[in-house]
Structures are given as structure tokens and as C-alpha cells.
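# Structural overview for review
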Amino acid sequence: MSNTTNKQPIDPGAEKRIDSYIDTLWLERGLSNNTLEAYRRDLRALAVYLTAHNSGLLTASYADLVDRLGALALARVSPRSQARLVSSIKGFYRYCVRENLLVVDPSAQLSPPTLGRVLPKVLSEAQVEQLLAEPGTSPLELRDKAMLELMYASGLRVSELVNLSMPQLNLRQGAVRVMGKGSKERVVPVGEEALHYLQMYLSQARQALLGDSVATATQSNVLFPGRAGKALSRQAFWYRVKFYANRAGVQSAISPHVLRHAFATHLLNHGANLRVVQLLLGHSDLSTTQIYTHVASQRLQELHAKHHPRS
């Protein structure tokens, strides 16, 4: 796992098998070089450990692998790094069985450590107000303002937002029809504030953004056009969000997805039902939405500790 371990020589046969496995991962799964190198480091470190304990990659037992994980736990290696190692080991041994290098997979019963729940980063309501107040009145900034307001008002995913078409927005009903993950459709209310800025954007800015590349607004169905009337990329929108956050002096880690997190957490902070938030976010499983109850609870505890006279 360390750079020192990674430089230690290992049995040429083990090195060859690790190389073959990494090549297979590259061919079959197209993993990034960084991911492939992480797997290689994990497996080389395992080979060094096994050699030092009178075993080897193809002679290791389940107990040997458990001992390796136990040694890492004692060395206070993070559960996340341990979980990645388990993934590396299990993938390698499945490959060995598939290639008839082994009959029995010694890693079959290995389980990764339980990872702590990573809470999403959330902007405070004051920070969201700062961010939303930043865009100006040029056509480009009116578009960005409408996008930011809609994302915070409706909790859309970034991909859902940038790919919206004109027919998906119903100004009269104050709702947007979204095609979410797994081609699941949902209808989400927009809210008066976001609706106001959407109407302003459509009447004052959208046609100017389409310009000469598209003769009339009706020839492009893209709600928020970028260049040549095409939909913005997620990266382009992330850049715009970062731009306004820097201009507004919002210091917290910022990304477009943070507004979706803020949408859910602020709703729960103000008493919204968890099931309603699940439907608005388009989560298929309620457990996915429940993470926001932890964020909201954490925020309430912080406010209590800060403001209650007996905290």
C-alpha cells in the first residue's frame, strides 16, 4: 500500500500474473490508468506481505487474506482503503479461477469493512441566497440565473437540468417534467420565484442566446442553450456555478450538485415529509433520501449548540 512496499521486488511469476490481470481489466472494463495503478499497488503489496509470511498469491488461504486485512486495520489504514483492497483481491482471484490458475477462490468469503456514511456537503440558506443573487441581467447571466433558481427550487440533477427541452417546462402549471435515471419520468413543481426568473429569461434572453445559429427559437427545443443552440455540458454549467460562487464570496466547496443537496436538506429543515422529498428527487429507494435526514439533524444540533442558553 505504501510507495516503499510498491518498490520491493516480488516473485517474477506473481508480477507476471498481476500484469496479466491489469491488462485484462484495461481490455474488458476500460478503467483509468489511476485506477489500474491503484489495483496494481494493492496486489503487489499483498504479494510482498504473503511472501514475508511464507505464502504466495496462488497459495494464499482465506486466513492469509484475513490476516492481511487485520494488519492493515492495526496500522490504522482507512476503512475506505481497506475496502478498495478487498475489491482488488476479490477481482484478482475471480480472474485466477476463470483462467484455471486456481480451483478454489480463497477470497470468496471476504467482506469489506463497513464504511461510514459520507454526508453530502450542503450550503446554508444564506449561502444559497448569496449565490442566487449574483447573476446579472445580460442574456447569458439571465440564463444562468434561471438555471440556478430552477435547480434549487426543484432539486434537479445536473444532467436533468442541462438536458431540459422547451416542451418539458409548463409555465402555466408551474411544473417541469423530468426524465430521470432509468428513464423514469417525474413532474416537479417549480415555485413562484424560479417561475418568475424562467419567464424573464424566456422573454428577454433565450432568443438572444440562440442568435444567428438558429433562425427562430422554435427551431431549437433546448431550454438552456449554449453554443450553436446546443445544450450546455455538465462541465460548462459547473464552471458557471463556480464563477458565481467565487464572485459572491461563497467559501464552501461548491458544485452544481450541492444545490440539489441544499434543496433536499432545506426542505427537511422546514418540515417536509421524507417521502415527498424522495419523490421530488426521483430516488427509487427511500434509504437514498434518508441521508438528508442526517444532514438536517446535524445542522439542527449545530444550531442548538450555538444558540441554546444551556448548550
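Residues numbered from 1 in each chain as written. Predicted model: local features only at pLDDT ≥ 70, side-chain atom pairs only at ≥ 80, totals over all residues. Heavy atoms only, no water.

## Some remarks on the overall build of the chain
Per the secondary structure count, the chain includes 14 helices and three strands. Burial statistics for the chain: of 311 residues in total, 42% are counted as buried. Considering only intrachain contacts with a sequence separation of at least 6, the fraction spanning at least 24 residues in the chain is 59%. Roughly 17100 Å² of accessible area belongs to the chain as shown, and the carbon and sulfur atoms make up 51% of that amount. (Helix = DSSP H or I, 4+ residues; strand = E, 2+ residues; numbered from the N terminus. Buried < 20%, exposed > 50% of the residue type's maximum accessible area, 1.4 Å probe, protein only. Contact = heavy atoms within 4.5 Å. Areas by Shrake-Rupley, 256 points an atom, 1.4 Å probe, with all protein chains shown as cover.)

## Concerning a negative patch on the surface
Together, E125, E129, E192 and E193 line one region of the surface with negative charge. The residue E129 is located in helix 6 (residues 125-132) in this model. Owing to a relative accessible area of 51%, E129 belongs among the exposed residues under this scheme. (Patch = residues over 30% accessible without salt bridge, like charges linked within 9 Å, V, L, I, M, F, W, Y side chains within 5 Å. Salt bridge = Lys/Arg side-chain N within 4 Å of Asp/Glu carboxyl O. Lys, Arg positive; Asp, Glu negative; His and termini not counted. Charge placed at Lys NZ, Arg CZ, Asp CG, Glu CD.)

## Digging into the packing of aromatic side chains
Using the criterion set out here, one finds five aromatic pairs in the structure. Between Y21 and Y95 the ring centres are 5.4 Å apart and the planes differ by 45°, which places this aromatic pair in the tilted class. Of the two residues, Y21 is situated in helix 2 (residues 12-29) and Y95 in helix 5 (residues 79-98); the sequence distance between them amounts to 74 residues. Each of the two residues, Y21 as well as Y95, counts as buried. Aromatic rings pair up to connect Y21, F92, Y93 and Y95 into one cluster. Taking NZ or CZ as reference, K145 lies 4.3 Å from the ring centre of Y197, over its face. (Phe/Tyr/Trp six-rings, centres within 6.5 Å; stacked < 30°, edge-to-face > 60°. Lys NZ or Arg CZ within 6 Å of the ring centre and 35° of its normal.)

## What about the confidence of the model for the chain?
The predicted structure's coordinates, where accompanied by low pLDDT, should not be read in detail. Per-residue pLDDT for the chain averages 81, and the proportion of residues at 70 or more is 81%. Across the chain, the secondary-structure element scoring lowest on mean pLDDT is helix 1 (residues 3-7), at 50, and the one scoring highest is helix 9 (residues 192-204), at 95. Long-range and interchain partners of residues 1-5, a stretch whose pLDDT sits below 50, account for eleven contacts in this model, where long-range means more than four residues apart. Across residues 214-218 the pLDDT falls below 50, and counting only partners more than four positions away or on other chains, this stretch makes eleven contacts in the model. (pLDDT = per-residue confidence, 0-100.)

## Some points on helix 4 (residues 62-74)
Helix length check: helix 4, at 13 residues, gives a terminal C-alpha distance of 19 Å against a target of 18 Å (1.5 Å per residue), a fit within 8%. For helix 4, the elements touching its buried residues are helix 3 (33-52) and helix 5. Once helix 4 ends, the next one or two residues include R76, with phi positive near 60°. (Expected span 1.5 Å × (residues − 1).)

## Structural notes on the packing of helix 3 against helix 4
When two helices pack together, their arrangement is captured by the angle between the axes and the distance separating the axes. Helix 4 packs onto helix 3 with a crossing angle of 110° between their chain directions and a minimal axis gap of 11 Å. Between helix 3 and helix 4, the interaxial angle falls into the category roughly perpendicular. Judged by residue contacts, A45, L46, Y49 and L50 of helix 3 engage D64, L65, D67, R68 and A71 from helix 4. For the contact of helix 3 with helix 4, the per-class residue count stands at six nonpolar, no polar and three charged. (Axes fitted to C-alpha atoms, helices over the stretch in contact; angles between N-to-C directions. Parallel < 35°, antiparallel > 145°, perpendicular 65-115°, else oblique. Nonpolar A, V, L, I, M, F, W, Y, C, P; charged D, E, K, R; others polar.)

## Focus on the sheet that holds strand 3 (residues 185-189)
Consider a sheet: its strands pair through backbone hydrogen bonds, and that pairing is either parallel or antiparallel. Taken in spatial order, the three strands line up as 1-2-3 in an open sheet, and their pairing is antiparallel. Where the open sheet ends on each side, the last strands, each with one partner, are strand 1 (169-170) and strand 3. Here two bridges tie strand 1 to strand 2 (residues 175-179), and the two strands are oriented antiparallel to one another. Across the sheet, the residue bridging to L169 is V176, located in strand 2. (Pairing = 2+ DSSP bridges.)

## Some points on the pattern of salt bridges
A complete count under the given rule lists 14 salt bridges for this structure. Residue D19 pairs with R40 through a salt bridge whose shortest N-O separation is 2.4 Å. Of this pair, D19 sits in helix 2 while R40 sits in helix 3; the two residues are 21 residues apart in sequence, bridging distant segments of the chain. Classification of D19 by relative accessible area gives partly exposed; the value is 30%. Owing to a relative accessible area of 19%, R40 belongs among the buried residues under this scheme. Through salt bridges with shared partners, one network takes in D19, E37 and R40.

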